[in-house]
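Each chain is listed here by its residues.
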Amino acid sequence: MKKIAVIGAGPAGMAAAITAARNGAKVVVFERNDIAGKKLLLTGNGKCNFTNVDIHADCFSFEEGSFADSIIENMSVRDICAFFADMGVLSMERKGCLYPFTGQAHTIRDAMVQTMEQLGIEVIYNVCIGEISKDKEQFIVHMDNKFIYFDAVILACGGKAAPKTGSDGFGYRLARGFGHTVSRTYPVLVQLLSDAPHLKAISGVRCYANVSALVDDKKVASDYGELQLTDYGLSGIPVFHLSRFLSKEAEEGRDCVVAVDFMPQIGIDLLEQFLDKRLGDLKGYALKDFICGLVHSKLADYIINESGVCGETAVTPADKDMIFNLLTAMKNWKFHITGHKGFENAQVTKGGVLLDEINENMESKLVEGLFFAGEMTDVDADCGGYNLHWAWTSGIKAGETAAK
Ligand SMILES: Cc1cc2nc3c(=O)[nH]c(=O)nc-3n(C[C@H](O)[C@H](O)[C@H](O)COP(=O)(O)OP(=O)(O)OC[C@H]3O[C@@H](n4cnc5c(N)ncnc54)[C@H](O)[C@@H]3O)c2cc1C
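Now for a look at the structure at hand.

Basis of the calculations
Residues numbered from 1 in each chain as written. Predicted model: local features only at pLDDT ≥ 70, side-chain atom pairs only at ≥ 80, totals over all residues. Heavy atoms only, no water. Salt bridge = Lys/Arg side-chain N within 4 Å of Asp/Glu carboxyl O. Helix = DSSP H or I, 4+ residues; strand = E, 2+ residues; numbered from the N terminus. Buried < 20%, exposed > 50% of the residue type's maximum accessible area, 1.4 Å probe, protein only. Pairing = 2+ DSSP bridges. Axes fitted to C-alpha atoms, helices over the stretch in contact; angles between N-to-C directions. Contact = heavy atoms within 4.5 Å.

### Considering the pattern of salt bridges
A side chain of one charge can pair with a side chain of the opposite charge if their charged atoms are brought near each other. According to the stated counting rule, one finds 15 salt bridges in the structure shown. In this structure, Glu272 engages Lys320 in a salt bridge whose closest nitrogen and oxygen atoms are separated by 3.3 Å. Placement of Glu272 in helix H9 (residues 268–281) and of Lys320 in helix H12 (residues 320–329) is noted, with a sequence separation of 48 residues between them. With a relative accessible area of 31%, Glu272 lands in the partly exposed category. Note on Lys320: relative accessible area 16%, which makes it buried. Each of Arg244, Lys350 and Asp380 takes part in salt bridges that share partners, so that together they form one network.

### What about the sheet that holds strand S18 (residues 333–340)?
Taking strand neighbours around the barrel as the criterion, the six strands line up as S13-S16-S15-S14-S17-S18 in a closed arrangement whose pairing is antiparallel. Averaged over all adjacent pairs, the angle separating strand axes in this sheet is 45 degrees, with direction ignored. Examined bridge by bridge, strand S13 (residues 192–194) and S18 share three bridges and lie antiparallel to one another. Counted as the bridge partner of Leu192 is His340 from S18. In the packing of helix H8 (residues 237–251) onto the sheet, the strands contacted are S13, strand S14 (206–215), strand S15 (218–229), strand S16 (233–235), strand S17 (256–261) and S18, and the crossing angle to S15 comes to about 135 degrees.

### Let's talk about the sheet that holds strand S20 (residues 370–372)
Pairing is parallel in the open sheet, where five strands are placed in the order S7-S2-S1-S11-S20. Single-partner strands in this sheet number two, and they are strand S7 (122–124) and S20. Each adjacent strand pair in this sheet contributes to an overall mean axis angle of 20 degrees, direction not counted. As defined by bridge partners, strand S1 (residues 3–7) adjoins strand S2 (residues 26–30) across five bridges and the pair is classed as parallel. If you follow Val6 over to S2, its bridge partner there is Val29. Those strands touched by helix H14 (residues 386–402) are S1, strand S11 (152–155) and S20, and its axis lies near 165 degrees from that of S20.

Right, here's the structure in full:
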């Protein structure tokens, strides 16, 4: 019977351990926290969006030409749901996102812990593995003053995001110890910082908007969803999405901008028609009252102040061009991005162990018997269950092959 060590009891490590044990291996999991899946419990606001009906390689970032797309596409959503149904967890779908039927992340975590128990997997908590060596065919895991021997090792230590949950990049040392290259890491799915003036005045506004990321004036991504304006910059799911295209670029000092269309449902022609009618109906009303019907009142006040027009001015049909210009500005409002809110606030890590040095079975090309799974590798994805999908699929693949 093969003896396998899994380092890290996060989603990827637990998926790997369960699969290896189901394939006949004797498995020991080492976890530095006193519980398994600490980060998993936070996912999806405690509801755990664990995969998505629409899985395709475009939702992920990885090195071009790597094998990651085949792993992602060969293990379907149905396979992942079946993996959990086998542990007694049913799923439900909302807007394409899959959650456990209970709507509670701990259902998934608890089911995995219970399954590990049933399979006789030993989980050793409160131990941070700092050294693993290889002696001929055997791996030696150094734990306190003990040396424990294994036939294979699966590194599933996570990245650097949300370090309070146990993954603070420490695991990369283990990979480097075996000669692996770890690419530079950046926090993604994170809030963005802006130096736009008077952010305090519009802080607290939440609205549905189209947002686009521009790097050196070139549009690189866009999304629609609930935008949150804060005193430091921008937040909300569509901003998290854009952060995958701006965190690294902002750190590198490139010119990064988020352009916001605060009125995405109203095209320019429709806006013009609407203004014609309103100018007839509301002649003589104060400008601020006039445009408040179209945009959030804090934004209306802000844009009026910024443009130097008096909000108390009584509107006449002759002011149409001025009002039209004010409103069209709302369709392309540019926030200069200066950075991000760091790994402490990020959900995911961009960068990690290079896929170039790992084969399609998640095994190291440099050291036989060494495997990788999950966020530790240089793969990141969009919001919507994709990052956990990678954790499960890469973990299952590593566990399956390691046990052979
Ligand atoms: C707030 C938040 C919400 C999120 N929501 C979602 C969501 O809804 N859907 C989604 O798809 N993704 C979500 N994510 C991302 C998702 O949680 C991660 O992609 C996923 O947890 C990665 O799994 P992993 O097993 O690779 O790493 P981790 O979950 O980071 O687990 C790694 C484990 O290894 C342990 N460890 C590390 N080094 C050692 C060591 N040397 N010795 C022993 N143990 C070690 C750590 O303590 C940790 O328990 C969210 C993330 C956050 C922070």
